[in-house]
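Geometric and topological summary
Residues per chain, in single letters:
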Amino acid sequence: MTTGCGCGGGNGGSGGCGSSAKEAVIEVEAPVAPELIASSEQEWPIISVNGVPVTPEAMALELQYHPAESRESAVYLAARALVIRELLQQRIAALGLAVEIAAGENQEEAATRLLLEREVKVPECDEATCERYFDNNRGRFHSAPLLAVRHILLECAPDDAEARDLARSQAEVLLLSLEEQPGRFAELALTYSACPSKAQGGSLGQISKGQTVPELERQLFTLAPGLAGQPLESRYGWHVISIDQRIEGQPLPYEAVAGSIRTQLQQGVWQKALVQYLQTLIGAADIRGLALQGADSPLVQ
């Protein structure tokens, strides 16, 4: 199966604020960004977990891992992560776990893994549950469709608005020509396309999902066979597209997807159990400066 560049890259392209106070209170369930109480962007909320402070230095370091629309939201996410981390570390210390570090782990990661293996128990999904999920969701389980695609790439940098406008105009002109003379696709591809596939008349061969850049793939797989009615945009530029053939995916038997169904269901059960476990830790802790939802039931020993 020949796919050319697979996507259309060519010519070197690679296909807070507020009033001051001593403590900051963040509401975990608020539908908008939680309010942090600090007198300037250089100040941090005062947070502690069972008397252990979450330091500004730790929050500043953690902040990089929590991009958000505002500094306030990012600080909240960083603070929440650090509180949960401290709760886990305190629980590990309370249990006195003997840690064996596996390949690729550090001490903290190994201890956290051991803690969760010990205290977060989830039942295995049985065969009947997996079969029932399959029967109720048969529409999800098809092989990926295949498209036989030709394209002409009018290449331009993603941040060059003027070049993008020009490339789109040129693509529209080519599209009009092809609507009148569809047999010229290979000729126009060879003349105008910036993709190496121009040597094959613009052909990308048969492609399936995952073989093109996501923004182009989302558009391609909605198209019916034939010349696309308008150019499609990707990070590489504008594409004039022809779908020469579309082979729809076929229903998959249960045996082919049973493993993925079990993994998906098991992951859902695990995530629910983990949230419940963390809520139990939160409910049993004295957390100052950050409001988190906890469970009232005591931690099972």
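Since the model is a prediction, treat every value here as computed from it, not as a measurement.

1. A few points about the overall build of the chain
Each helix and strand counted, the chain has 8 helices and 8 strands in total. When the 301 residues of the chain are sorted by exposure, 38% land in the buried category. Accessible surface computed for the chain: about 17,000 Å², of which carbon and sulfur atoms make up 52%.

2. With respect to the environment of P231
In this structure, P231 sits in the loop between β5 (226-227) and β6 (232-234). With 61 residues separating them in the primary sequence, P231 and Q170 have C-alpha atoms 9.8 Å apart. If near-sequence neighbours (up to four positions away) are discounted, P231 is found in contact with A171, E172, L175, W238 and H239.

3. Notes on the packing of helix α2 (residues 71-95) against helix α8 (residues 254-284)
Two packed helices can be described by the angle between their axes and the distance between those axes. At a minimum axis distance of 10 Å, the contact between α2 and α8 shows a crossing angle of 80°. One finds that α2 runs roughly perpendicular with respect to α8. Taking contact as the criterion, the partners of I84, L87, L88 and R91 in α2 are, on α8, Y277, L278, L281 and I282. Of the residues contributing to the contact of α2 with α8, the split by class is 7 nonpolar, no polar and 1 charged.

4. Describing the pairing of strand β3 (residues 146-155)
Taken across its 10 residues, β3 has 7 buried, putting it largely inside the fold. Across 10 bridges, β3 lies against strand β7 (residues 237-247) in antiparallel orientation. Note on β7: the bridge partner recorded for V149 is I243. Note that β3 and strand β4 (residues 203-207) share 4 bridges and pair antiparallel. By the bridge assignment, A148 is partnered in β4 with Q206.

5. Here's the deal with the pattern of salt bridges
All chains considered together, the criterion is met by 13 salt bridges. Among the salt bridges present, the one from R184 reaches E187, with a minimum N-O distance of 2.9 Å. A residue is classified by how much of its surface remains accessible, and R184, at 26% relative accessible area, is partly exposed. With relative accessibility at 43%, the residue E187 sits in the partly exposed group. Across the pair E215 and R235 runs a salt bridge, and its minimum N-O distance is 2.8 Å. Linking E215 in helix α7 (residues 214-220) with R235 in the loop between β6 and β7, this pair joins segments that are 20 residues apart in sequence. A relative accessible area of 18% places E215 in the buried class. By sharing partners, the salt bridges in this structure join E105, R113 and E117 into a single network.

6. Notes on the layout of surface pockets
In this structure, the second largest pocket occupies an estimated 190 Å³ of space. E62, A81, L82, I84, R85, L88, Q89, E108 and T112 are the residues that line the second largest pocket. Listed by contribution, the elements that provide at least two residues to the lining of the second largest pocket are α2 and α3 (107-119). Per element, the largest residue contribution to the lining of the second largest pocket is 6 residues, and it comes from α2. Looking at the lining of the second largest pocket residue by residue, the class counts come to 4 nonpolar, 2 polar and 3 charged.

7. Brief notes about the environment of R235
Classification of R235 by relative accessible area gives partly exposed; the value is 40%. Taking the C-alpha atoms as reference points, R235 and P158, separated by 77 residues in sequence, lie 5.5 Å from one another. Other than its neighbours up to four places away in sequence, R235 contacts C156, P158, R164, V213, P214 and E215. Reaching out from R235, the side chain makes a polar contact with the side chain of E215 at a distance of 2.8 Å.

8. Comments concerning the nonpolar core
By size, the foremost hydrophobic cluster in this structure holds 27 residues, and its most contacted members are V83, L87 and Y277. Sorting the residues of this core by element identifies β1 (47-49), α2, α3 and α8 as the ones contributing at least two each. Ranked by the residues each element gives to this core, the list is headed by α2, at 8 residues. Core analysis: the second largest hydrophobic core is formed by 17 residues, V149, L216, L220 and I243 among them.

The rules behind each value
- Residues numbered from 1 in each chain as written.
- Predicted model: local features only at pLDDT ≥ 70, side-chain atom pairs only at ≥ 80, totals over all residues.
- Heavy atoms only, no water.
- Helix = DSSP H or I, 4+ residues; strand = E, 2+ residues; numbered from the N terminus.
- Buried < 20%, exposed > 50% of the residue type's maximum accessible area, 1.4 Å probe, protein only.
- Areas by Shrake-Rupley, 256 points an atom, 1.4 Å probe, with all protein chains shown as cover.
- Contact = heavy atoms within 4.5 Å.
- Axes fitted to C-alpha atoms, helices over the stretch in contact; angles between N-to-C directions.
- Parallel < 35°, antiparallel > 145°, perpendicular 65-115°, else oblique.
- Nonpolar A, V, L, I, M, F, W, Y, C, P; charged D, E, K, R; others polar.
- Pairing = 2+ DSSP bridges.
- Salt bridge = Lys/Arg side-chain N within 4 Å of Asp/Glu carboxyl O.
- 1 Å grid on protein atoms, 1.4 Å probe; cavity = no way out; pocket = protein on both sides within 12 Å on 5 of 7 lines; lining within 4 Å.
- Points joined across faces, edges and corners; volume = space filled by probe spheres on them.
- Polar contact = N/O pair within 3.5 Å; in protein donor to acceptor, adjacent residues only side chain to side chain.
- Core = buried A, V, L, I, M, F, W, Y, C linked by side-chain atoms within 4.5 Å.

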